[in-house]
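# Reading the structure
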Amino acid sequence: DTAVSQTPKYLVTQMGNDKSIKCEQNLGHDTMYWYKQDSKKFLKIMFSYNNKELIINETVPNRFSPKSPDKAHLNLHINSLELGDSAVYFCASSQVVRRGTQYFGPGTRLLVL
Amino acid sequence: KNEVEQSPQNLTAQEGEFITINCSYSVGISALHWLQQHPGGGIVSLFMLSSGKKKHGRLIATINIQEKHSSLHITASHPRDSAVYICAVISNFGNEKLTFGTGTRLTIIP
């Protein structure tokens, strides 16, 4: 069974569209994260939720809105997609905020045309 | 200058060689992660360190908090170790920001 899963794996869309990426973890962890990896392979944290509450919100445009319906799910909704949003988005989870071992999803490759 | 610097950026070695990847950081930290990103893109957490040394199989990670430096060593390297190795630090002030290094691309030749 996959510990952290993301859907879709690939997403190709036009500029200006709104899209969502879903993440689910079956590890029973309390904390989930979204990361962005740009074309230079540089990873950056975007958001973190602990028990469905937002605890980290790095400098991210407000077009990005995370939603956590329960502690096993953390979805990422992106409004008005821009070319610069093209990247790989990774979801991760850990039992302890920041200091715990993180388990990563396989990534969602987003391409905005 | 990044708060987290890794060296070397790229490393190619023969199978069996002892590998060292370095991570230096400029902020006070409470912990440091080492991650491995496979050629297919998947990311695996290798270690989380706040002091001393940890070992898992052929991998060893050390940290010197005073010198703001960590190393990842691989003994008896193997082509399957070929990956990008990423260091990430958790600052020990404010909102405990998580900052990543730019990664070290390791290629092990058979």
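Now for a quick tour of the structure. Given the structure is predicted, the values throughout are model-derived calculations rather than measurements.

Residue and element names in this part refer to chain A. Enumeration over the complete set of coordinates arrives at five aromatic pairs over all chains. Pairing tyrosine 33 with tyrosine 35 gives two aromatic rings, centres 5.9 Å apart and planes at 25 degrees, and the pair type is stacked. Residue tyrosine 33 is classed as buried on the basis of its relative accessible area of 0%. Its relative accessible area of 0% is what places tyrosine 35 among the buried residues. Each ring, one from phenylalanine 64 and one from tyrosine 89, has its centre 6.3 Å from the other, and the planes form 35 degrees; the classification is tilted. Here the residue phenylalanine 64 occupies a position in strand 7 (residues 64–70), and tyrosine 89 occupies one in strand 9 (residues 87–94), the gap between them amounting to 25 residues. Taking the relative accessible area as the measure of exposure, phenylalanine 64 reaches 5% and is therefore buried. Of the residues examined, tyrosine 89 reaches a relative accessible area of 0% and is grouped as buried.

Let us now look at the state of the cysteines. Enumeration according to the criterion identifies two disulfides over all chains in this entry. With a sulfur-sulfur separation of 1.8 Å, cysteine 23 of chain A is cross-linked through a disulfide to cysteine 91 of chain A. Measuring handedness by torsion sign, the sulfur bridge of cysteine 23 of chain A and cysteine 91 of chain A sits at about -75 degrees and is left-handed. Taken together, the residues span a long stretch of sequence, with cysteine 23 of chain A in strand 3 (residues 19–25) and cysteine 91 of chain A in strand 9 at a distance of 68 residues. Given the relative accessible area of 0%, cysteine 91 of chain A is considered buried. Paired by a disulfide, cysteine 23 of chain B and cysteine 87 of chain B hold their sulfur atoms 1.9 Å apart. Of note, the bridge from cysteine 23 of chain B to cysteine 87 of chain B carries an S-S torsion of about -55 degrees and is left-handed in sense. Of the two residues, cysteine 23 of chain B sits in strand 3 (residues 19–25) while cysteine 87 of chain B sits in strand 9 (residues 83–91), which places them 64 residues apart along the sequence.

Thresholds applied
Residues numbered from 1 in each chain as written. Chains lettered and ligands numbered in written order. Predicted model: local features only at pLDDT ≥ 70, side-chain atom pairs only at ≥ 80, totals over all residues. Heavy atoms only, no water. Phe/Tyr/Trp six-rings, centres within 6.5 Å; stacked < 30°, edge-to-face > 60°. Buried < 20%, exposed > 50% of the residue type's maximum accessible area, 1.4 Å probe, protein only. Helix = DSSP H or I, 4+ residues; strand = E, 2+ residues; numbered from the N terminus. Disulfide = S-S within 2.5 Å.

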